[in-house]
Amino acid sequence: MRTAIVTDSTAYIPKEVREKYSIYMIPLNVIFGQEEYREEVDITADVFFEKMRMADELPTSSQPSIGQFVELFEQLAKDYDAVISIHLSKKISGTYQGAVTASGMVEGIKVYPYNSGWSCMAQGFYAIDAAKMALAGKEPEDILARLDELKASTKAYFMVDDLTHLQRGGRLSGSQAVIGSLLKIKPLLTFVDDEIVPFEKIRTQKKALNRIFDLLGEDAAKGLPLKSSIIHANREEQALEIKDELEKRFPTVDFSISYFGPVIATHLGEGAIGIAWMLK
Ligand code: MYR
């Protein structure tokens, strides 16, 4: 059985890695006024941050169309028997639902849409592992079981410079009163049941980062083989410093750096930083 692995652009897997493991990418879009860009195709993160700084009105984002999914799956049907399509959390975007709808519209290929429950490199790690297994000829059921195992072990925490981006995009769950009270501080955020929720109210970025280091330390101390990614919205230098420090503190964990690209940074704002980890 030949299985293709699809993920969406918000996994932010570098092009050369996608090519190496034959990962197919379907882009989400960012919109500045009348201009729409497919991220990772028409607009890079650098250009996006520049544009966002200059823009009078903040950008918005949109999911891929059903037609794009159908076209991609039909194309894949020529070379593959099955496709596992791994997407950002179903409660923050309609992308996963788009894959589900399209899966019922194509013939000649079995489509397995997969809700990562996260996004960014947490989702990216899933797609890379899935692609390695697909290349090794594993059955879709085995790949899906591995994805569930990774998902069960995943933790990620992130913080933003300015919560109004998340509030404006409606992606922070909770009542307006709760969100209003959070706007004055810098809460540590995570996902619970596919939704973004405040994890702890912490006042400074330094304290919040130390708290994430401790949480990662608790899992590393269990002796589990872990991989982790430091994810940044145009703060590469800071991410490198964090990586250096974490490598010294937790030598058994594999660390990498990744980024919040245009669509996710539309909702988090520039300067957001997060750390995700899961089983190797
Ligand atoms: C769409 O328009 O469909 C895309 C909406 C994307 C919302 C993104 C919200 C922030 C997600 C943060 C992910 C952090 C993962 C570690």
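Here the residue numbering is sequential within each chain, running from 1 through the sequence in written order. Totals for whole chains, interfaces and linings use all residues, but because this is a predicted model, local features are given only for residues with pLDDT of at least 70 and pairs of side-chain atoms are given and counted only at 80 or more. The side-chain figures draw on all heavy atoms in the structure; neither hydrogens nor water molecules are used.

In the nomenclature of an unreviewed UniProt entry, the chain is known as DegV family protein of Heyndrickxia coagulans.

### Points about the site of the ligand
One heavy atom suffices: a residue is near a molecule or strand as soon as one of its heavy atoms comes within 4 Å of it. Around the ligand, the structure places 15 residues, and the nearest of them are Ser61, Ser62, Ile92, Ser93 and Arg171. Under the rule applied, a polar contact is a pair of N or O atoms within 3.5 Å (in protein, one hydrogen donor and one hydrogen acceptor; residues adjacent in sequence only if both atoms are side-chain atoms). Between the ligand and the protein, one listed contact pairs an oxygen atom with a side-chain N or O atom of serine 61 at 2.6 Å. Contacts to the ligand include serine 62, whose backbone N or O atom sits 3.5 Å from an oxygen atom. Residue exposure ignores everything except the shown protein chains as possible cover, and the areas themselves are Shrake-Rupley values with a 1.4 Å probe. Here the ligand, which alone exposes 500 Å², has 98% of that area covered by the protein. Each helix is a run of DSSP H or I of at least 4 residues and each strand a run of E of at least 2, with the numbering of both proceeding from the N terminus. Sorting the residues of the shell around the ligand by element identifies strand S5 (60–62) and helix H11 (262–268) as the ones contributing at least two each. If you tally residues by element for the shell around the ligand, the top one is H11, at 4 residues. Under this grouping Gly is polar, as are all residues other than the nonpolar Ala, Val, Leu, Ile, Met, Phe, Trp, Tyr, Cys and Pro and the charged Asp, Glu, Lys and Arg. Per-class residue counts for the shell around the ligand are 9 nonpolar, 5 polar and 1 charged. In this entry, domain limits derive from an automatic or database-based domain assignment. Split by domain, the residues of the shell around the ligand number at least three in each of domain 1 (3–28 + 63–152) and domain 2 (155–279).

### Quick look at a negative patch on the surface
A cluster of acidic side chains, namely Asp46, Glu236, Glu237, Glu241 and Asp244, defines a negative patch on the protein surface. With 4 residues, helix H10 (residues 236–249) is the largest single contributor of residues to the negative patch. If you trace the backbone, glutamate 241 turns up in helix H10. Within the patch definition used here, like charges are joined within 9 Å and nonpolar side chains (Val, Leu, Ile, Met, Phe, Trp, Tyr) within 5 Å, considering only residues with over 30% relative accessible area and no salt bridge. Every case where a carboxyl oxygen of Asp or Glu lies within 4 Å of a side-chain nitrogen of Lys or Arg is listed as a salt bridge. All tallies of charge rest on Lys and Arg as positive and Asp and Glu as negative; His and the ends of each chain are not included. All charge positions are set by atom: Lys at NZ, Arg at CZ, Asp at CG, Glu at CD.

### Quick look at the sheet that holds strand S7 (residues 110–115)
Strand-to-strand pairing in sheets goes through backbone hydrogen bonds, with the strands running parallel or antiparallel. One open sheet holds the 4 strands; their spatial order is S2-S1-S6-S7, and the pairing between them is parallel. With one partner strand each, in any of the chains shown, strand S2 (23–26) and S7 form the two edges of the open sheet. Going across the sheet, the axis of each strand differs from the next one's by a mean of 25°, ignoring polarity. For two strands to be treated as a pair, DSSP must find at least two bridges joining them. Pairing analysis gives 6 bridges linking strand S6 (residues 82–87) to S7, with the strands arranged parallel. Think of each axis as a best-fit line through the C-alpha atoms, taken over the contacting stretch in the case of a helix, with angles from 0 to 180 degrees between the N-to-C directions.

### A word on the pairing of S2
Here strand S1 (residues 3–8) runs beside S2; their pairing, made up of 4 bridges, is parallel. Looking at S2, one finds that aspartate 8 is bridged to isoleucine 26. Seen with its strands pointing away from the viewer, a crossover is right-handed if its path from the first strand over the helix to the second goes clockwise. In this fold, S1 hands off to helix H1 (residues 15–20), which returns the chain to S2; that crossover is right-handed.

### Details of the nonpolar core
To qualify as a nonpolar core, a set must consist of buried Ala, Val, Leu, Ile, Met, Phe, Trp, Tyr and Cys residues joined through side-chain atoms within 4.5 Å. Here the term buried applies to any residue with accessible area under 20% of the maximum for its type, exposed to any over 50%, and partly exposed to those in between, with areas from a 1.4 Å probe on protein chains only. Counting 61 residues, the largest nonpolar core has Ile84, Ile86 and Phe260 as its most contacted members. Top element by residues in this core is helix H5 (residues 120–135). It accounts for 11 residues. Counting only domains with at least three residues in this core, you end up with domain 1 (3–28 + 63–152) and domain 2 (155–279). The contact criterion used throughout is that any non-hydrogen atoms of two residues lie within 4.5 Å. Other than its neighbours up to four places away in sequence, isoleucine 84 contacts Thr3, Ala4, Ile5, Val6, Tyr112, Tyr114, Pro140, Ile143, Leu144 and Leu147. Listed in part, the 22 residues of the second largest apolar core include Leu188, Leu209, Ile212 and Trp277.

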